[in-house]
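Single-letter residue listing:
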Protein chains: 2
Amino acid sequence: MKGQVNISKATIDRLPLYFRTLRLAQDEGIDIISSDELGRRLGITPEQIRKDLASFGQFGKKGVGYYVNELKRNVGEILGLNNHWNIAVVGIGHLGAALANYQNFVTLGFNLVALFDQDPNVIGTTVNHVKVEDIRDMKKIVKERNIHIGIIAVPAAFAQGVADKLVDAGVKGIWNFAPIKMEVPETMHIVNEDLSIGLSSLSYHITRK
Amino acid sequence: MKGQVNISKATIDRLPLYFRTLRLAQDEGIDIISSDELGRRLGITPEQIRKDLASFGQFGKKGVGYYVNELKRNVGEILGLNNHWNIAVVGIGHLGAALANYQNFVTLGFNLVALFDQDPNVIGTTVNHVKVEDIRDMKKIVKERNIHIGIIAVPAAFAQGVADKLVDAGVKGIWNFAPIKMEVPETMHIVNEDLSIGLSSLSYHITRK
(Lines give C-alpha, C1' and ligand atoms only; values in the text may rest on other atoms or scores of the structure.)
Protein backbone atom coordinates (compact mmCIF):
# COMPACT_ATOMS: atom_id res chain seq x y z
CA MET A 1 0.00 0.00 0.00
CA LYS A 2 2.99 2.29 0.36
CA GLY A 3 4.01 4.40 -2.56
CA GLN A 4 0.42 5.33 -3.36
CA VAL A 5 0.13 8.98 -4.23
CA ASN A 6 -2.51 11.63 -4.78
CA ILE A 7 -5.09 10.23 -2.42
CA SER A 8 -7.39 13.11 -1.61
CA LYS A 9 -7.93 14.36 1.92
CA ALA A 10 -11.64 13.69 1.45
CA THR A 11 -10.92 9.99 0.77
CA ILE A 12 -8.59 9.75 3.76
CA ASP A 13 -11.23 11.37 5.99
CA ARG A 14 -13.75 8.75 4.89
CA LEU A 15 -11.55 5.77 5.79
CA PRO A 16 -12.26 5.92 9.55
CA LEU A 17 -15.98 6.05 8.68
CA TYR A 18 -15.58 2.91 6.58
CA PHE A 19 -13.67 1.28 9.42
CA ARG A 20 -16.35 2.21 11.93
CA THR A 21 -19.18 0.95 9.71
CA LEU A 22 -17.35 -2.31 9.00
CA ARG A 23 -16.76 -2.81 12.70
CA LEU A 24 -20.48 -2.35 13.41
CA ALA A 25 -21.33 -4.78 10.55
CA GLN A 26 -18.86 -7.27 12.02
CA ASP A 27 -20.52 -6.92 15.43
CA GLU A 28 -23.86 -7.67 13.75
CA GLY A 29 -22.39 -10.90 12.33
CA ILE A 30 -22.46 -9.77 8.68
CA ASP A 31 -19.91 -11.62 6.52
CA ILE A 32 -20.29 -9.93 3.16
CA ILE A 33 -21.40 -6.37 2.45
CA SER A 34 -22.10 -4.68 -0.90
CA SER A 35 -21.01 -1.16 -1.76
CA ASP A 36 -24.74 -0.37 -2.02
CA GLU A 37 -25.32 -1.41 1.59
CA LEU A 38 -22.16 0.35 2.79
CA GLY A 39 -23.37 3.43 0.91
CA ARG A 40 -26.80 3.25 2.52
CA ARG A 41 -25.28 3.05 5.99
CA LEU A 42 -22.85 5.88 5.35
CA GLY A 43 -24.90 8.20 3.15
CA ILE A 44 -22.17 8.03 0.50
CA THR A 45 -22.74 6.84 -3.08
CA PRO A 46 -21.63 3.26 -3.87
CA GLU A 47 -19.56 4.67 -6.75
CA GLN A 48 -17.65 6.89 -4.33
CA ILE A 49 -17.00 3.97 -1.99
CA ARG A 50 -15.72 1.74 -4.79
CA LYS A 51 -13.53 4.57 -6.03
CA ASP A 52 -12.13 5.32 -2.55
CA LEU A 53 -11.27 1.71 -1.81
CA ALA A 54 -9.85 1.14 -5.29
CA SER A 55 -7.22 3.85 -4.70
CA PHE A 56 -5.55 1.54 -2.18
CA GLY A 57 -5.82 -1.83 -3.91
CA GLN A 58 -8.21 -4.51 -5.05
CA PHE A 59 -10.73 -5.41 -2.35
CA GLY A 60 -14.01 -7.26 -2.75
CA LYS A 61 -15.44 -9.36 -5.53
CA LYS A 62 -17.57 -8.02 -8.35
CA GLY A 63 -21.24 -8.96 -7.97
CA VAL A 64 -20.62 -10.38 -4.48
CA GLY A 65 -19.46 -7.52 -2.31
CA TYR A 66 -16.74 -7.00 0.24
CA TYR A 67 -15.75 -9.58 2.84
CA VAL A 68 -16.34 -7.58 6.03
CA ASN A 69 -13.49 -9.05 8.12
CA GLU A 70 -10.96 -8.80 5.31
CA LEU A 71 -11.94 -5.27 4.30
CA LYS A 72 -11.96 -4.09 7.92
CA ARG A 73 -8.46 -5.55 8.42
CA ASN A 74 -7.26 -3.90 5.22
CA VAL A 75 -8.75 -0.50 6.03
CA GLY A 76 -7.28 -0.83 9.54
CA GLU A 77 -3.85 -1.45 8.03
CA ILE A 78 -4.22 1.51 5.68
CA LEU A 79 -5.09 3.62 8.70
CA GLY A 80 -2.04 2.24 10.51
CA LEU A 81 -4.12 0.95 13.42
CA ASN A 82 -1.98 -2.21 13.48
CA ASN A 83 0.87 -0.03 14.81
CA HIS A 84 -0.72 0.00 18.27
CA TRP A 85 0.28 3.59 18.94
CA ASN A 86 1.05 4.67 22.49
CA ILE A 87 -1.06 7.67 23.46
CA ALA A 88 -1.04 10.21 26.29
CA VAL A 89 -3.70 12.67 27.38
CA VAL A 90 -2.66 16.12 28.61
CA GLY A 91 -5.18 17.94 30.81
CA ILE A 92 -7.24 15.70 33.07
CA GLY A 93 -10.40 17.74 33.49
CA HIS A 94 -13.77 16.29 32.49
CA LEU A 95 -12.84 16.00 28.81
CA GLY A 96 -9.41 14.48 29.48
CA ALA A 97 -10.91 11.99 31.91
CA ALA A 98 -13.63 11.10 29.39
CA LEU A 99 -10.98 10.50 26.72
CA ALA A 100 -8.87 8.44 29.13
CA ASN A 101 -11.92 6.23 29.70
CA TYR A 102 -13.03 6.01 26.06
CA GLN A 103 -13.39 2.31 25.33
CA ASN A 104 -13.22 2.64 21.53
CA PHE A 105 -9.56 3.63 21.60
CA VAL A 106 -8.69 0.27 23.10
CA THR A 107 -10.85 -1.50 20.49
CA LEU A 108 -8.85 0.26 17.77
CA GLY A 109 -5.53 -0.82 19.27
CA PHE A 110 -4.40 2.45 20.86
CA ASN A 111 -2.59 2.09 24.19
CA LEU A 112 -3.13 4.74 26.83
CA VAL A 113 0.24 4.91 28.58
CA ALA A 114 0.32 8.30 30.31
CA LEU A 115 -1.79 11.15 31.68
CA PHE A 116 -0.49 14.61 32.46
CA ASP A 117 -1.75 17.61 34.38
CA GLN A 118 -0.28 20.64 36.12
CA ASP A 119 -2.71 20.76 39.05
CA PRO A 120 -1.14 19.33 42.25
CA ASN A 121 -4.61 18.14 43.29
CA VAL A 122 -4.92 16.06 40.12
CA ILE A 123 -1.34 14.79 39.87
CA GLY A 124 -1.11 11.41 41.60
CA THR A 125 -4.77 10.49 41.05
CA THR A 126 -5.65 7.56 38.79
CA VAL A 127 -7.97 7.47 35.78
CA ASN A 128 -8.69 4.18 34.02
CA HIS A 129 -5.75 2.54 35.90
CA VAL A 130 -3.27 5.16 34.68
CA LYS A 131 -1.64 7.58 37.11
CA VAL A 132 -1.76 11.31 36.38
CA GLU A 133 1.78 12.71 36.26
CA ASP A 134 3.30 16.17 36.44
CA ILE A 135 3.35 17.91 33.07
CA ARG A 136 6.92 19.01 33.91
CA ASP A 137 8.03 15.37 33.56
CA MET A 138 6.45 15.02 30.13
CA LYS A 139 9.65 15.02 28.05
CA LYS A 140 11.26 12.26 30.09
CA ILE A 141 8.10 10.12 30.16
CA VAL A 142 7.39 10.53 26.42
CA LYS A 143 10.87 9.09 25.72
CA GLU A 144 10.72 6.33 28.34
CA ARG A 145 7.27 5.06 27.27
CA ASN A 146 7.73 5.71 23.57
CA ILE A 147 4.63 7.91 23.32
CA HIS A 148 3.59 8.50 19.71
CA ILE A 149 0.50 10.66 20.07
CA GLY A 150 -0.31 13.48 22.49
CA ILE A 151 -3.93 14.45 23.06
CA ILE A 152 -4.49 18.05 24.14
CA ALA A 153 -7.49 18.46 26.44
CA VAL A 154 -6.45 21.61 28.30
CA PRO A 155 -8.25 24.99 28.17
CA ALA A 156 -7.53 27.08 25.06
CA ALA A 157 -5.24 29.48 26.94
CA PHE A 158 -2.78 26.65 27.77
CA ALA A 159 -3.06 24.65 24.55
CA GLN A 160 -0.22 26.25 22.57
CA GLY A 161 2.18 25.77 25.48
CA VAL A 162 1.26 22.11 25.71
CA ALA A 163 1.67 21.69 21.94
CA ASP A 164 5.16 23.20 22.16
CA LYS A 165 6.07 20.76 24.95
CA LEU A 166 4.73 17.78 22.97
CA VAL A 167 6.70 18.83 19.87
CA ASP A 168 9.84 19.24 21.99
CA ALA A 169 9.29 15.84 23.61
CA GLY A 170 9.25 14.22 20.17
CA VAL A 171 5.72 12.86 19.64
CA LYS A 172 4.74 12.00 16.05
CA GLY A 173 1.27 13.50 16.13
CA ILE A 174 -1.06 15.74 18.12
CA TRP A 175 -4.81 15.45 18.52
CA ASN A 176 -6.08 18.83 19.67
CA PHE A 177 -9.44 19.50 21.33
CA ALA A 178 -8.74 23.15 22.17
CA PRO A 179 -10.65 25.49 19.86
CA ILE A 180 -7.64 27.49 18.69
CA LYS A 181 -5.35 27.51 15.68
CA MET A 182 -2.09 25.90 16.80
CA GLU A 183 1.37 26.84 15.60
CA VAL A 184 3.38 23.66 15.09
CA PRO A 185 6.30 22.79 12.78
CA GLU A 186 5.21 21.76 9.27
CA THR A 187 6.52 18.25 9.90
CA MET A 188 4.20 17.71 12.88
CA HIS A 189 0.85 16.10 12.15
CA ILE A 190 -2.00 17.69 14.01
CA VAL A 191 -5.69 16.86 13.90
CA ASN A 192 -7.98 19.53 15.32
CA GLU A 193 -11.14 18.13 16.81
CA ASP A 194 -14.18 20.35 16.97
CA LEU A 195 -17.07 18.76 18.82
CA SER A 196 -19.44 21.41 17.54
CA ILE A 197 -19.23 19.98 13.99
CA GLY A 198 -21.54 17.07 14.82
CA LEU A 199 -24.01 19.36 16.53
CA SER A 200 -23.92 21.76 13.56
CA SER A 201 -24.72 18.90 11.15
CA LEU A 202 -27.67 17.95 13.30
CA SER A 203 -28.82 21.58 13.29
CA TYR A 204 -28.73 21.55 9.47
CA HIS A 205 -30.94 18.48 9.29
CA ILE A 206 -33.56 19.50 11.84
CA THR A 207 -33.78 22.97 10.27
CA ARG A 208 -34.95 21.30 7.05
CA LYS A 209 -37.40 18.91 8.65
CA MET B 1 -32.33 28.67 0.67
CA LYS B 2 -35.27 26.38 1.22
CA GLY B 3 -36.40 24.16 -1.61
CA GLN B 4 -32.82 23.31 -2.55
CA VAL B 5 -32.53 19.68 -3.47
CA ASN B 6 -29.92 17.05 -4.16
CA ILE B 7 -27.23 18.48 -1.94
CA SER B 8 -24.87 15.61 -1.20
CA LYS B 9 -24.17 14.41 2.31
CA ALA B 10 -20.48 15.09 1.67
CA THR B 11 -21.25 18.77 0.97
CA ILE B 12 -23.42 19.06 4.06
CA ASP B 13 -20.70 17.48 6.18
CA ARG B 14 -18.22 20.07 4.94
CA LEU B 15 -20.40 23.07 5.89
CA PRO B 16 -19.52 22.97 9.60
CA LEU B 17 -15.84 22.83 8.59
CA TYR B 18 -16.34 25.95 6.46
CA PHE B 19 -18.12 27.61 9.37
CA ARG B 20 -15.32 26.72 11.76
CA THR B 21 -12.61 27.95 9.40
CA LEU B 22 -14.48 31.19 8.72
CA ARG B 23 -14.89 31.73 12.43
CA LEU B 24 -11.15 31.29 12.98
CA ALA B 25 -10.45 33.67 10.06
CA GLN B 26 -12.84 36.20 11.61
CA ASP B 27 -11.01 35.87 14.95
CA GLU B 28 -7.77 36.61 13.09
CA GLY B 29 -9.31 39.79 11.72
CA ILE B 30 -9.38 38.62 8.08
CA ASP B 31 -12.03 40.47 6.01
CA ILE B 32 -11.79 38.72 2.65
CA ILE B 33 -10.71 35.16 1.94
CA SER B 34 -10.17 33.43 -1.40
CA SER B 35 -11.30 29.90 -2.16
CA ASP B 36 -7.57 29.11 -2.58
CA GLU B 37 -6.85 30.19 0.99
CA LEU B 38 -9.94 28.44 2.36
CA GLY B 39 -8.83 25.34 0.48
CA ARG B 40 -5.32 25.55 1.91
CA ARG B 41 -6.67 25.79 5.45
CA LEU B 42 -9.12 22.95 4.96
CA GLY B 43 -7.17 20.59 2.68
CA ILE B 44 -10.02 20.74 0.16
CA THR B 45 -9.59 21.90 -3.45
CA PRO B 46 -10.76 25.45 -4.24
CA GLU B 47 -12.95 24.00 -7.01
CA GLN B 48 -14.76 21.82 -4.48
CA ILE B 49 -15.31 24.77 -2.15
CA ARG B 50 -16.71 26.96 -4.93
CA LYS B 51 -18.96 24.10 -6.03
CA ASP B 52 -20.20 23.40 -2.47
CA LEU B 53 -21.03 27.03 -1.76
CA ALA B 54 -22.62 27.55 -5.17
CA SER B 55 -25.21 24.84 -4.41
CA PHE B 56 -26.77 27.18 -1.85
CA GLY B 57 -26.55 30.52 -3.62
CA GLN B 58 -24.22 33.18 -4.93
CA PHE B 59 -21.58 34.12 -2.35
CA GLY B 60 -18.34 35.96 -2.91
CA LYS B 61 -17.03 38.01 -5.77
CA LYS B 62 -15.04 36.66 -8.69
CA GLY B 63 -11.38 37.64 -8.49
CA VAL B 64 -11.84 39.09 -4.98
CA GLY B 65 -12.89 36.24 -2.72
CA TYR B 66 -15.49 35.77 -0.06
CA TYR B 67 -16.35 38.37 2.56
CA VAL B 68 -15.61 36.43 5.74
CA ASN B 69 -18.37 37.91 7.94
CA GLU B 70 -21.03 37.61 5.26
CA LEU B 71 -20.10 34.09 4.24
CA LYS B 72 -19.92 32.95 7.85
CA ARG B 73 -23.37 34.38 8.51
CA ASN B 74 -24.72 32.71 5.38
CA VAL B 75 -23.20 29.32 6.17
CA GLY B 76 -24.48 29.69 9.73
CA GLU B 77 -27.99 30.30 8.38
CA ILE B 78 -27.74 27.32 6.04
CA LEU B 79 -26.71 25.24 9.06
CA GLY B 80 -29.69 26.62 10.98
CA LEU B 81 -27.47 27.97 13.77
CA ASN B 82 -29.62 31.13 13.88
CA ASN B 83 -32.41 28.97 15.36
CA HIS B 84 -30.65 29.00 18.75
CA TRP B 85 -31.63 25.42 19.52
CA ASN B 86 -32.23 24.39 23.13
CA ILE B 87 -30.08 21.39 24.02
CA ALA B 88 -29.97 18.91 26.90
CA VAL B 89 -27.25 16.47 27.91
CA VAL B 90 -28.22 13.04 29.24
CA GLY B 91 -25.60 11.25 31.33
CA ILE B 92 -23.44 13.52 33.46
CA GLY B 93 -20.28 11.48 33.77
CA HIS B 94 -16.96 12.92 32.58
CA LEU B 95 -18.08 13.15 28.95
CA GLY B 96 -21.45 14.67 29.76
CA ALA B 97 -19.84 17.20 32.09
CA ALA B 98 -17.24 18.06 29.43
CA LEU B 99 -20.02 18.62 26.87
CA ALA B 100 -22.00 20.71 29.35
CA ASN B 101 -18.92 22.92 29.75
CA TYR B 102 -17.99 23.11 26.06
CA GLN B 103 -17.66 26.79 25.25
CA ASN B 104 -18.02 26.38 21.48
CA PHE B 105 -21.68 25.38 21.73
CA VAL B 106 -22.47 28.78 23.21
CA THR B 107 -20.43 30.51 20.49
CA LEU B 108 -22.56 28.72 17.88
CA GLY B 109 -25.80 29.82 19.52
CA PHE B 110 -26.87 26.58 21.21
CA ASN B 111 -28.51 27.01 24.62
CA LEU B 112 -27.86 24.39 27.26
CA VAL B 113 -31.15 24.25 29.17
CA ALA B 114 -31.15 20.89 30.97
CA LEU B 115 -28.95 18.06 32.26
CA PHE B 116 -30.22 14.59 33.16
CA ASP B 117 -28.87 11.62 35.06
CA GLN B 118 -30.26 8.63 36.90
CA ASP B 119 -27.70 8.54 39.71
CA PRO B 120 -29.12 10.02 42.97
CA ASN B 121 -25.59 11.21 43.82
CA VAL B 122 -25.43 13.24 40.62
CA ILE B 123 -29.03 14.52 40.52
CA GLY B 124 -29.17 17.93 42.20
CA THR B 125 -25.55 18.83 41.49
CA THR B 126 -24.75 21.73 39.14
CA VAL B 127 -22.58 21.78 36.03
CA ASN B 128 -21.96 25.06 34.18
CA HIS B 129 -24.79 26.71 36.18
CA VAL B 130 -27.34 24.07 35.11
CA LYS B 131 -28.85 21.69 37.67
CA VAL B 132 -28.77 17.95 36.98
CA GLU B 133 -32.31 16.54 37.03
CA ASP B 134 -33.82 13.09 37.34
CA ILE B 135 -34.04 11.31 34.00
CA ARG B 136 -37.55 10.21 34.99
CA ASP B 137 -38.69 13.85 34.67
CA MET B 138 -37.29 14.15 31.16
CA LYS B 139 -40.54 14.12 29.23
CA LYS B 140 -42.08 16.90 31.30
CA ILE B 141 -38.92 19.04 31.20
CA VAL B 142 -38.40 18.59 27.44
CA LYS B 143 -41.89 20.01 26.85
CA GLU B 144 -41.61 22.79 29.45
CA ARG B 145 -38.25 24.05 28.20
CA ASN B 146 -38.88 23.36 24.52
CA ILE B 147 -35.77 21.18 24.17
CA HIS B 148 -34.90 20.52 20.51
CA ILE B 149 -31.79 18.37 20.77
CA GLY B 150 -30.87 15.59 23.19
CA ILE B 151 -27.23 14.64 23.61
CA ILE B 152 -26.62 11.05 24.72
CA ALA B 153 -23.50 10.67 26.87
CA VAL B 154 -24.46 7.54 28.84
CA PRO B 155 -22.66 4.17 28.67
CA ALA B 156 -23.54 2.01 25.63
CA ALA B 157 -25.75 -0.33 27.66
CA PHE B 158 -28.15 2.50 28.56
CA ALA B 159 -28.04 4.44 25.30
CA GLN B 160 -30.96 2.82 23.47
CA GLY B 161 -33.22 3.33 26.49
CA VAL B 162 -32.29 7.01 26.61
CA ALA B 163 -32.86 7.38 22.85
CA ASP B 164 -36.35 5.87 23.26
CA LYS B 165 -37.13 8.34 26.05
CA LEU B 166 -35.89 11.30 23.97
CA VAL B 167 -38.01 10.21 20.98
CA ASP B 168 -41.02 9.82 23.24
CA ALA B 169 -40.41 13.24 24.79
CA GLY B 170 -40.53 14.81 21.33
CA VAL B 171 -37.03 16.17 20.61
CA LYS B 172 -36.21 16.97 16.98
CA GLY B 173 -32.75 15.47 16.90
CA ILE B 174 -30.32 13.26 18.83
CA TRP B 175 -26.57 13.56 19.04
CA ASN B 176 -25.25 10.22 20.20
CA PHE B 177 -21.80 9.55 21.71
CA ALA B 178 -22.45 5.90 22.64
CA PRO B 179 -20.65 3.51 20.26
CA ILE B 180 -23.73 1.51 19.28
CA LYS B 181 -26.14 1.46 16.36
CA MET B 182 -29.34 3.08 17.60
CA GLU B 183 -32.86 2.13 16.57
CA VAL B 184 -34.90 5.31 16.12
CA PRO B 185 -37.93 6.16 13.95
CA GLU B 186 -37.00 7.12 10.38
CA THR B 187 -38.28 10.64 10.99
CA MET B 188 -35.83 11.23 13.85
CA HIS B 189 -32.52 12.82 12.94
CA ILE B 190 -29.57 11.26 14.71
CA VAL B 191 -25.89 12.08 14.42
CA ASN B 192 -23.55 9.42 15.78
CA GLU B 193 -20.31 10.84 17.09
CA ASP B 194 -17.27 8.61 17.12
CA LEU B 195 -14.31 10.24 18.82
CA SER B 196 -12.00 7.56 17.47
CA ILE B 197 -12.37 8.94 13.93
CA GLY B 198 -10.02 11.85 14.60
CA LEU B 199 -7.47 9.59 16.22
CA SER B 200 -7.69 7.16 13.29
CA SER B 201 -7.02 9.98 10.81
CA LEU B 202 -3.96 10.95 12.81
CA SER B 203 -2.80 7.33 12.78
CA TYR B 204 -3.07 7.33 8.98
CA HIS B 205 -0.87 10.39 8.66
CA ILE B 206 1.87 9.40 11.09
CA THR B 207 2.02 5.91 9.55
CA ARG B 208 3.03 7.50 6.26
CA LYS B 209 5.59 9.92 7.69
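Residues numbered from 1 in each chain as written. Chains lettered and ligands numbered in written order. Predicted model: local features only at pLDDT ≥ 70, side-chain atom pairs only at ≥ 80, totals over all residues. Heavy atoms only, no water.

## A closer look at the UniProt feature "domain: CoA-binding" (unreviewed entry) in chain A
Per the UniProt record, "domain: CoA-binding" (unreviewed entry) is found at residues 80-181 of chain A. Span residues 80-181 of chain A is 32% helix and 26% strand, its end C-alpha atoms 26 Å apart. (UniProt positions renumbered as here; feature names shortened; annotations may be inferred. Helix = DSSP H or I, 4+ residues; strand = E, 2+ residues; numbered from the N terminus.)

## What about the packing of helix α2 (residues 35-42) of chain B against helix α3 (residues 46-54) of chain B?
All names here are of chain B. Running from N to C, α2 and α3 cross one another at 110°; their axes reach a closest spacing of 8 Å. In terms of their interaxial angle, α2 and α3 are classed as roughly perpendicular. Between α2 and α3, the residues in contact are S35, D36, L38, G39 and L42 and P46, I49 and R50, respectively. Along the lines of polarity and charge, the residues of the contact of α2 with α3 split into 4 nonpolar, 2 polar and 2 charged. (Axes fitted to C-alpha atoms, helices over the stretch in contact; angles between N-to-C directions. Parallel < 35°, antiparallel > 145°, perpendicular 65-115°, else oblique. Contact = heavy atoms within 4.5 Å. Nonpolar A, V, L, I, M, F, W, Y, C, P; charged D, E, K, R; others polar.)

## Points about the nonpolar core
With 102 residues, the main nonpolar core has A:W175 and B:W175 as its most contacted residues. Those residues in contact with B:W175 that sit more than four places away from it in its chain are A:L195, A:G198, A:L199, A:L202, B:L99, B:F105, B:G150, B:I151, B:I152, B:V191 and B:E193. (Core = buried A, V, L, I, M, F, W, Y, C linked by side-chain atoms within 4.5 Å. Buried < 20%, exposed > 50% of the residue type's maximum accessible area, 1.4 Å probe, protein only.)

## Thoughts on the relation of the copies chain A and chain B
The operation relating chain A to chain B is a screw motion whose rotation component is 180°, with 0.0 Å of axial translation and a residual RMSD of 0.0 Å. Those values place the two copies in the arrangement expected of a two-fold rotation axis. Rotation axis and chain A: the residue whose C-alpha lies nearest the axis is A:H94, separated from it by 2.3 Å. Comparing interface residues between copies, 100% of those in chain A also lie at the interface in chain B; the contact surface is shared. (Least-squares fit on C-alpha atoms with pLDDT ≥ 70 in both.)

## Observations concerning helix α9 (residues 196-207) of chain B
Because an α-helix completes one turn every 3.6 residues, residues spaced three or four positions apart along the sequence face the same direction. Residues and elements named next belong to chain B. Between its first and last C-alpha, α9 extends 16 Å over 12 residues, near the 16 Å set by a 1.5 Å rise per residue. Counting buried residues along α9, 10 of its 12 residues qualify, which places the element largely inside the surrounding structure. When we look at burial in α9, the residues that qualify are S196, G198, L199, S200, S201, L202, S203, Y204, I206 and T207. (Expected span 1.5 Å × (residues − 1).)

## Examining the domain arrangement of chain A
A common way to express how large an interface is: the accessible area buried when the components associate. Residue and element names in this part refer to chain A. As assigned here, chain A comprises domain 1 (9-81) and domain 2 (84-196). Taking only C-alpha atoms into account, the centre of domain 1 sits 30 Å from that of domain 2. Between domain 1 and domain 2, a total of about 440 Å² is buried, with carbon and sulfur atoms accounting for 50% of that surface. Counting the surface domain 1 buries against domain 2, the share from its top three residues, R23, G80 and L81, is 91%. There are 0 salt bridges connecting domain 1 and domain 2. (Domains from an automatic or database assignment. Buried area = accessible area lost by both parts, 1.4 Å probe. Salt bridge = Lys/Arg side-chain N within 4 Å of Asp/Glu carboxyl O.)

## Describing the pairing of strand β6 (residues 130-134) of chain B
Residue and element names in this part refer to chain B. The buried fraction of β6 amounts to 4 of the 5 residues, a majority that puts the element mostly inside the structure. As paired strands, strand β4 (residues 111-117) and β6 are joined by 3 bridges and run parallel to one another. Among the inter-strand pairings, L115 is bridged to a residue of β6, identified as V132. As paired elements, strand β5 (residues 126-127) and β6 share 2 bridges and run antiparallel to each other. Residue pairing for β6: T126 is matched across the bridge by K131. In this antiparallel pair of consecutive strands, β5 and β6, the connection spans 2 residues, and N128 shows a positive phi of 50°. (Pairing = 2+ DSSP bridges.)

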